[in-house]
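Observations on chain architecture
Take a look at the letters that make up each chain.
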Amino acid sequence: MKVYEGERGLSGAVVTVDGEPLPPKSEVKVFSKMGFEWTYVGPGPRQLALALLSDHLGDDAKALALSEPFMTAVVAHLDNAWRMDGAEIDAALAAL
Amino acid sequence: MPITVRDLKPGIKPPPRQRNIASLVGGFVIAFGCFVLWLLVASQIVGGRPSAAIIAAGAAFAIAVGVWIRLADL
Amino acid sequence: MMTARQEAFRTAYRAQIAALYDGIVHVALIFLIGGAALWYCVQNIHAPTWLELLVIPIVVIFANVFEWFLHAQVMHRPRPGFMGIYKRHTLAHHQFFTEHEPFHDTTKDYRIVFFPPYAEIAFLVMASAMAYGVSLVWSTNAALILVASAAGMYMNYEFFHWCCHVRDDRIIKHIPFVNTIRRHHIAHHDTAIMMSRNMNLTYPFADWLFGTSDVQRGLLGTLLNGYETRFVRKDLPKVRSSADVTRPAVPAE
Ligand SMILES: [Zn+2]
Ligand SMILES: [Zn+2]
């Protein structure tokens, strides 16, 4: 199962999947040109929601459709440093 | 300048320190600001146009502050 | 209590501070620049009218809303052209100081407590540009009062923010407004609300006005709340999926 991690540091707000940079999925939709962010509702968190769901579900259209509620319910509450696995994303999606 | 806990695993050397562009621009900005303020305060104290020596001292002070901002990488 | 992550960040951040940096020089510059601007303006104000003196409260309120706006929309949001400010604040200041450990240790740490002094020059230039306009349409007195008030508010801001991050509160916990902003700002360092609440750094007026304070009180109660936690909202969010685990206990030998 894949592990997603994010952390704010001097090099930026970095997000990885299994230790590799998470692709922002800007070819699906550009919400933010300034990269990922979290713990609020806005363009950076929206991009992160899309990128996480797209990587996890492997379905860009479904990810795009679910990105707004997923951002509000999950991404808007992530800590400075956070860690989620696929099961946690599934559980969060089921609770939407 | 990666500073995350993941990057701080033992064995990984911290990257070499790099000066920020902000302290370069800021150095010029503060030198200009300090020089203008010096002139204003000096003209207020002497009640007119300050002497060349006072102006030169102000320029030296302003440059010193600007250089320090850069060296201290503020 | 500091988490391992915060401790690691502090170590790494301190290692990046240039050897020639000096916290006392940094603070001295801020108050010398602000003090010089304030003194020069005051020296040149002559017999101001009541209407001209009204510029002071107007600047105080305007600066309060400006500080709130800048903190919420620039310091806490990645925006093109302003990334340096966001990085310094959200990605550094808020990683160095948390609501669990919001205090600095040495004057070297002033590097991350105070704004760089050129920010003050930029602020004074903005105020002077506005003052120039005021001098054209109104009076030199009003213009000078505007810049003097702006310089005063800037130093007020830096002093109050230091009061939030200094460990020893034996005196400041008794000073009205200072005790309020100290609790208000330390609460802001909680990740769960740092992107959305408690954006004022002097007097939580704009936070009260726009409903972004973590306390639910009237204006006077909000401004003079002190350390009181009875009025903190019950519906504040909590963080989830935290990887910021507390420092593991030292294993027994
Ligand atoms: Zn702070
Ligand atoms: Zn903040």
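Residues numbered from 1 in each chain as written. Chains lettered and ligands numbered in written order. Predicted model: local features only at pLDDT ≥ 70, side-chain atom pairs only at ≥ 80, totals over all residues. Heavy atoms only, no water.

1. Focus: the layout of surface pockets
Of the volumes computed, that of the largest pocket is approximately 1,600 Å³. Along its surface, the largest pocket is lined by 49 residues, and Gly84, Ile85, Arg88, Pro116 and Tyr118 of chain C are the ones closest to its centre. Of all elements in the fold, only α1 (21-46) of chain B together with α1 (4-16), α4 (55-75), α5 (83-96), α6 (110-113), α7 (117-137) and α8 (140-165) of chain C reach the threshold of two or more residues within the lining of the largest pocket. The leading source of residues in the lining of the largest pocket is α5 of chain C, at seven residues. Classifying every residue of the lining of the largest pocket gives 32 nonpolar, ten polar and seven charged. Size it by volume and the second largest pocket reaches roughly 400 Å³. Considering the residues around the second largest pocket, the lining is formed by 19 residues, among which Val36 and Leu40 of chain B together with Leu124, Ser128 and Val147 of chain C are closest to the centre. Those elements that provide at least two residues to the lining of the second largest pocket are α1 of chain B together with α2 (23-43), α7 and α8 of chain C. (1 Å grid on protein atoms, 1.4 Å probe; cavity = no way out; pocket = protein on both sides within 12 Å on 5 of 7 lines; lining within 4 Å. Points joined across faces, edges and corners; volume = space filled by probe spheres on them. Helix = DSSP H or I, 4+ residues; strand = E, 2+ residues; numbered from the N terminus. Nonpolar A, V, L, I, M, F, W, Y, C, P; charged D, E, K, R; others polar.)

2. Brief notes about the sheet that holds strand β3 (residues 20-21) of chain A
All names here are of chain A. Pairing in this open sheet of four strands is antiparallel, and the strands run β3-β2-β1-β4 from one edge to the other. Because the sheet does not close on itself, it has two edges, and the strands there are β3 and β4 (81-85). As defined by bridge partners, strand β2 (residues 12-17) adjoins β3 across two bridges and the pair is classed as antiparallel. Considered in β3, the bridge of threonine 16 is made with proline 21. Sheet strands in contact with helix α3 (residues 86-94) are β1 (3-9) and β4, and its direction is about 85 degrees off that of β4. (Pairing = 2+ DSSP bridges. Contact = heavy atoms within 4.5 Å. Axes fitted to C-alpha atoms, helices over the stretch in contact; angles between N-to-C directions.)

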